[in-house]
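Coordinate analysis (summary)
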Amino acid sequence: MLERLLAGVSPEIGRILEAALEKRELDERDASVLLSAEGADFFALLRAADLARSEDNGDDVSFVVTRNINFTNVCYVGCTFCGFSRHRDEVDAYDHPLEVLLEKARDAVARGATEFCIQGGIHPGKDHTHYREILLALKREFPAIHLHAFSPEEIDFGQRKSGMDLRDYLRWLVDAGLGTIPGTAAEILDDSVRAIVSPRKLDSARWIEIVKTAHSVGLRSTSTLMYGHIESVEQIAAHLDVLREIQKETGGFTEFVPLGFIHERNILFNHMHARPGASMPEDLRMIAVARLFLRPWISNIQMSWVKMGPKLAQMALLAGANDFGGTLMEESISRESGSHFGENLPQEEIRRLIRAVGRTPVERSTTYQTLRRFDDPAEDPPSLEPAQPRELSGPARWRLTSQP
Ligand code: SF4
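A few points on the structure. (Residues numbered from 1 in each chain as written. Predicted model: local features only at pLDDT ≥ 70, side-chain atom pairs only at ≥ 80, totals over all residues. Heavy atoms only, no water.)

Notes on the overall build of the protein chain
Operational definition: Helix and strand definitions here come from DSSP, where helices need a minimum of 4 consecutive H or I residues and strands a minimum of 2 consecutive E residues; each element is numbered from the N-terminal end. As a reference, a globule follows 2.2 Å times the number of residues to the power 0.38, and the radius of gyration itself is taken over C-alpha atoms. Think of it in three bands: residues with accessible area under 20% of the maximum for their type are buried, residues over 50% are exposed, and the middle band is partly exposed, with areas taken using a 1.4 Å probe on protein chains only. By definition in these notes, contact holds between two residues if any of their heavy atoms fall within 4.5 Å. Only the protein chains shown count as covering a residue, and every accessible area follows the Shrake-Rupley method with a 1.4 Å probe. Counting rule for charge: Lys and Arg are taken as positive, Asp and Glu as negative, and neither His nor the chain ends is counted. For charged residues, the charge sits on one atom: NZ in Lys, CZ in Arg, CG in Asp, CD in Glu.
Scanning the protein chain from terminus to terminus reveals 18 helices and ten strands. Relative to a compact globule of 404 residues, whose C-alpha radius of gyration would be 22 Å, the protein chain shows 21 Å and is just as compact. Projected onto its principal axes, the C-alpha positions of the protein chain cover 65 × 60 × 40 Å. Buried residues in the protein chain amount to 56% of all 404 residues. Sequence-distant contacts in the protein chain: of pairs separated by 6 or more residues, those separated by 24 or more amount to 75%. Total accessible area on the protein chain is roughly 17200 Å²; 52% of this is exposed by carbon and sulfur atoms. For the protein chain, the centre of its 47 positive side-chain charges and the centre of its 60 negative side-chain charges are spaced 3 Å apart.

Rendered as structure tokens:
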């Protein structure tokens, strides 16, 4: 198999892929070389990553039924890639009261959610108590739902406001119901890139400190990277190496999620000459290299259907990914930057997309426990989504006779 895979491949790429498939650790230079693979090398990379995925995870593809709850879009940080944030005086700025968050949560639970993913802007009028109030209110009404909340940027802001030691602050949030944290706000863990994409956000060292401390108090997190803007392949490789080293030390990452830059509606592309997001080959190389570079330390590689769209997400499942992410139900962060792939992907649609590439859908918890397998489509449960009348097109008489 290995010989056939490597036929026609350049010697250097062949050597790296062979090492990865023999489970030898790749170094940063290897990752940079793979991130530039083209032609036969590119296809061999995808195939090798798919083989590794099959060895590491089998043919199950997991997903989580979750709702994004963004409690405010008011933020003073001013990241140049962000289309989501607003000044508090703007007409479409919002700062939801707890009752609105609870309404969203009730809707999510009625649609089968096991997780709420809670993030917001950094509102200058709030402090650490606001984060705890959100957790307490949600946990009081939904004790069984996992609260996946607050990026390292939000943890940094809240902890500094609180005056508490970081470890104590994190425990204070856990005590209020925090289950895991998103490993967002990482972008690229290189301060020369951060100076351009997120100059007022926490720096790399602080991101690492917060994530490691969270892991040390039993708070696991995802790990992420944002690519397709101004970064180089070397900076991506170095970022992956940082994540791998953290994982060796703490074992606290549940998964790695590469996030493609959405460019249409933000300053970074329109005024600062960033690239217009990743190309399709870059998206697939990113997934494949993550699979090969991070094994065996991080074995869950998630693609983002919001960034890639459902069809490229299916292709990512053939290039090393084993996790489809979440239903999201109300995605707005990517949409506000110009993503066109919708706010919600119902679980029945996720199952269909997974089965269409010959894999088995499995609903998971936030921390990757299997909650339900869907081996037989005939035994799928009915949809929990609210009925939406489908707008038909075509000759009017057909449309009328097709209505129930
Ligand atoms: S990415 Fe987050 S911290 Fe940065 S401006 Fe947007 S909402 Fe604020």
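A word on the pattern of salt bridges
Rules: By convention in these notes, a salt bridge is any Lys or Arg side-chain nitrogen within 4 Å of a carboxyl oxygen on Asp or Glu.
Evaluated as defined, the whole model comprises 44 salt bridges. In this structure, the salt-bridge partner of Asp56 is Arg291, at a minimum N-O distance of 3.2 Å. Of this pair, Asp56 sits in helix H4 (residues 39–57) while Arg291 is found in helix H13 (residues 280–294), placing the two residues 235 residues apart along the sequence. Of the residues examined, Asp56 reaches a relative accessible area of 26% and is grouped as partly exposed. For Asp175, the salt bridge is made with Arg132, and the minimal N-O distance between the two is 3.4 Å. Pair noted here: Asp175 is in helix H8 (residues 166–175) and Arg132 is in helix H6 (residues 128–141), with a separation of 43 residues, a long-range link. A relative accessible area of 58% places Asp175 in the exposed class. In this structure Arg132 comes out as buried when scored by relative accessible area, which is 17%. When salt bridges that share partners are traced, they join Arg67, Lys104, Asp107, Arg111, Glu330 and Glu385 into one network.

Re the environment of Gly78
Tracing the backbone shows Gly78 in the loop between strand S2 (66–70) and helix H5 (98–110). The class for Gly78 is partly exposed, based on a relative accessible area of 43%. When the C-alpha atoms of Gly78 and Ala316 are compared, they prove to be 31 Å apart, with 238 residues separating the residues in sequence.

Examining the packing of helix H7 (residues 152–162) against helix H10 (residues 204–216)
What describes two packed helices is the angle between their axes and the distance between those same axes. The cut-off we apply is this: Think of each axis as a best-fit line through the C-alpha atoms, taken over the contacting stretch in the case of a helix, with angles from 0 to 180 degrees between the N-to-C directions. Oblique is the label for any angle not under 35 degrees, not over 145, and not in the 65 to 115 range, which are roughly parallel, roughly antiparallel and roughly perpendicular in turn. Gly is placed with the polar residues, together with every amino acid not listed as nonpolar (Ala, Val, Leu, Ile, Met, Phe, Trp, Tyr, Cys and Pro) or charged (Asp, Glu, Lys and Arg).
Contact geometry of H7 with H10 gives a least axis separation of 10 Å together with a crossing angle of 85°. As summarised for this structure, H7 and H10 are arranged roughly perpendicular, according to the angle between their axes. When H7 is examined against H10, the residues Pro152, Ile155, Asp156, Gln159 and Arg160 are found in contact with a partner set consisting of Arg206, Trp207, Ile210 and Val211. Within the contact of H7 with H10, the residues separate by chemical class into five nonpolar, one polar and three charged.

Thoughts on the site of the ligand
Put simply, the rule is: What makes a residue near a molecule or strand is one non-hydrogen atom of that residue sitting within 4 Å of it.
Near the ligand the following residues occur: Cys75, Val77, Gly78, Cys79, Phe81, Cys82, Phe84, Ser85, Gly121 and Lys201. For the shell around the ligand, the per-class residue count stands at six nonpolar, three polar and one charged.

Description of the packing of H5 against H6
Defined as follows: Two helices cross in a left-handed way if the nearer one is turned anticlockwise from the farther one by less than a right angle. They cross in a right-handed way if the turn is clockwise.
The N-to-C vectors of H5 and H6 enclose an angle of 40°; their axes lie 10 Å apart at closest approach. It follows that H5 is oblique to H6 by the angle criterion. H5 and H6 meet at a crossing whose hand is right-handed. Each of Leu98, Leu101, Leu102, Ala105 and Arg106 in H5 lies in contact with H6, whose residues at this interface are Glu133, Ile134, Ala137, Leu138 and Glu141.

A few points about the nonpolar core
The criterion, for reference: Throughout this description, the term nonpolar core refers to a set of buried Ala, Val, Leu, Ile, Met, Phe, Trp, Tyr and Cys residues connected via side-chain atoms within 4.5 Å.
With 113 residues, the main nonpolar core has Phe116, Ile118, Trp207, Phe256, Leu292 and Phe324 as its most contacted residues. When residues of this core are assigned to their parent elements, the largest contribution, nine residues, is made by H13.

As for the sheet that holds strand S8 (residues 323–326)
Think of a sheet as strands paired side by side through backbone hydrogen bonds, with each pair either parallel or antiparallel. The following threshold applies: Between any two strands, pairing holds if DSSP finds at least two bridges.
If you walk across this open sheet you meet the four strands as S8-S1-S9-S10, and the pairing is mixed. Every interior strand has two partners, whereas the edge strands, S8 and strand S10 (370–373), have only one. The average angle at which neighbouring strand axes cross in this sheet is 25°, direction not considered. Both strand S1 (residues 60–64) and S8 contribute to a ladder of two bridges, which runs parallel. Bridge pairing in S8 places Ser62 opposite Asp323.

A word on the environment of Val211
Inspection of the secondary structure assignment puts Val211 in helix H10. When its relative accessible area of 0% is taken as the criterion, Val211 is described as buried. Each C-alpha atom, one on Val211 and one on Ala48, is 31 Å from the other, the two residues being 163 residues apart in sequence. When near neighbours in sequence (up to four residues on either side) are disregarded, Val211 contacts Pro152, Ser221, Ile246 and Phe253.

A word on the sheet that holds strand S7 (residues 253–260)
Sheet architecture is open: six strands sit in the order S2-S3-S4-S5-S6-S7, paired in parallel fashion. Here the strands that pair on one side only, and so sit at the sheet edges, are S2 and S7. Pairs of neighbouring strands in the sheet enclose a mean axial angle of 30°, with direction left out of account. As paired strands, S2 and strand S3 (residues 115–119) are joined by five bridges and run parallel to one another. Each residue of the ladder has a partner; that of Asn68, found in S3, is Cys117. Packing against the sheet, helix H11 (residues 233–250) makes contact with strand S6 (220–227) and S7, and its axis sits at approximately 175° to S6. The strands touched by H13 are S6 and S7; relative to S7, the strand with the most contacts, the crossing angle is about 160°.

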